Amino acid sequence: MLSDIEITQQAKMKNIAEIAQEIGISASEIEPYGHYKAKLSDEVMERVKDNPDGKLILVTAVNPTPAGEGKTTVSIGLGQSMAKIGKKAIVALREPSLGPVFGIKGGAAGGGYSQVVPMEDINLHFTGDMHAITSANNLMCAMLDNSIQQGNELNIDPRQVLVKRCLDINDRALRNIVCSLGGKLNGVPREDHFMITVASEVMAILCLASDVFDLKRRLGNILVAYTYDGQPVYCRDIKANGSMTVLLKDAIKPNLVQTLENTPAIMHGGPFANIAHGCNSIRATKTALKLANYVVTEAGFGSDLGAEKFLDIKCRFAGLKPSCIVLVATVRSMKYNGGVPKDELKEENLEALKRGSVNLGKHIENLKKYGVPVLVAINHFYADTEAEISFVEEFCKEKGAEFAVTKCFAQGGAGGIELAEKVVEACDRESNFHCLYDDDMPIYDKVETIAREIYGADGVDYTKEAKAAIDGFIKLGADKMPVCIAKTQYSLSDNPKLLGRPENFRITITSASLSNGAGFVVCIAGNIMTMPGLSKSPSAFRIDIDDEGKTVGLF
């Protein structure tokens, strides 16, 4: 089979104006970035705001394994399959981060014959959104340090600066640094830090803002530091939010692209789900719902992370009500959770499959707590046997979930017809969506609820530093905010080595931060890096330009 990039380089893309026209958008309502990608104008979003909403389909997955589950591939394939059965569908996804693209995980444009295109552009600079977010965040940091340097009228304590600079590249050397060395003219020396752009609060705000004015307000509410006497300092106090908004005025507009089969796709925003809230922008999803009868969107990593945050944070803020949840799993992931090493996953092993099925079972149970129909999609791999597929089907039935096998990677939309038909049926059933917890529940109870109900923990412990931070946020009025828990994606617990369905464990909140502009409290469980590093053999080694000027090695 051809590589992903070889497949996309043979794709027959339509001009983006034609894609727009197919969903009722005129050429004057898009802002083209070349022939195959465009920004959606504010005018089109205003024009369609009173259209009836389509059905919202959330795609999530079990805990990721080294074998790969293909959640984004299934999301894109499902959108193509919906089109093949005659449904007006749009795929709404996040944008890739350059960190994983040049690191190990890869991009976020799907795979095989279920990809969004132009894949090279999307995985690299795209329309510049990531760069704009990086610049806006770092402008805020520069203005804060300048405020300290230029007389420090706000009485900012350099030891209590909260915001971090960012970069959309994995660079462990920047995790912990000392800045402003070299004398008085270079600023006040202090400890500083970098995080990856997709973990920044500016990214979260872009994805949650309803319009450019809401964006400016939220940016102004970012808690940037404390004074020497313990008073909060906000971004508006250092007068940075206006200029930040100008940098983001185009980035806030959703991007329109297409799949390999020319199904419209809106890609916008890209927060990670292990260290952020893991969903594309509210503006993108809401616009898609006004333009199509069915919208397929995804949430990052497993349902214990991305889906929980989609349902408890994004849906809460945006008033979204999903009609169906598709839970992606693989036979290989279940065998891996059952103790089979990665290099032995091709062999049939029903005993290991049975042992590992508890992970899938817990994810099904979790999602059913939200009152939405759940459908399991088995992403088929060539080594899967009939006996293994039959076991998973029976297991899903016992858990009260619909089941379908998808072969979207190898067959594109044609490989997901069964899944698409069952999704349509599920969307026609009653959905009684509700969040896991109420706004009025205290912060500590919200964390406890997520830990017990979603992770299966016996309870929550807090370090002294984390508890002090949360108590401080409560005094600032954050007690009514939802909680975004950052933890490992590899386990339901906060220990990546505990596979399957861990029992008899507690999670530890090691630190906490307030995303005041975004509107949620971040609690970090375990050891989570907000600035990843490169591996010994990163993808950057293999990405190159060949003698004909073509990009090679990009997956």
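Residues numbered from 1 in each chain as written. Predicted model: local features only at pLDDT ≥ 70, side-chain atom pairs only at ≥ 80, totals over all residues. Heavy atoms only, no water.

Enquirer: Quick rundown of the sheet that holds strand β12 (residues 223-227)? Include the residues and the values.
Expert: Pairing is antiparallel across the open sheet formed by 3 strands, whose spatial order is β7-β12-β13. Lying at the two open borders of the sheet, with one neighbouring strand each, are β7 (156-161) and β13 (232-234). Between one strand axis and the next, the sheet turns through 50° on average, direction left out of account. In this structure, β12 lies alongside β13, joined through 3 bridges in antiparallel fashion. Across the sheet, the residue bridging to Y226 is P232, located in β13. Seen against the sheet, helix α7 (residues 129-149) touches β7 and β12 and runs at an angle of roughly 135° to β7. (Pairing = 2+ DSSP bridges. Helix = DSSP H or I, 4+ residues; strand = E, 2+ residues; numbered from the N terminus. Axes fitted to C-alpha atoms, helices over the stretch in contact; angles between N-to-C directions. Contact = heavy atoms within 4.5 Å.)

Enquirer: Please provide a residue-by-residue account of the packing of aromatic side chains, values included.
Expert: The final tally for this structure, using the stated rule, is 2 aromatic pairs. Aromatic side chains F391 and F395 sit 6.3 Å apart centroid to centroid with 20° between the ring planes, which places their arrangement in the stacked category. Note that F391 and F395 are positioned in helix α15 (residues 386-398) at a spacing of 4 residues, about one turn of the helix. Judged by its relative accessible area of 25%, F391 is partly exposed. Taking the relative accessible area as the measure of exposure, F395 reaches 11% and is therefore buried. Measuring from centroid to centroid gives 5.1 Å for Y444 and Y462, while their planes differ by 85°, and the two rings are edge-to-face. Pair noted here: Y444 is in helix α18 (residues 443-455) and Y462 is in strand β20 (residues 460-462), with a separation of 18 residues, a long-range link. Given the relative accessible area of 22%, Y444 is considered partly exposed. The aromatic ring of F317 is capped on one face by R218, whose charged end is 6.0 Å from the ring centroid. Positioned above the aromatic ring of Y234, the side-chain terminus of R236 is 4.5 Å from the ring centre. (Phe/Tyr/Trp six-rings, centres within 6.5 Å; stacked < 30°, edge-to-face > 60°. Buried < 20%, exposed > 50% of the residue type's maximum accessible area, 1.4 Å probe, protein only. Lys NZ or Arg CZ within 6 Å of the ring centre and 35° of its normal.)

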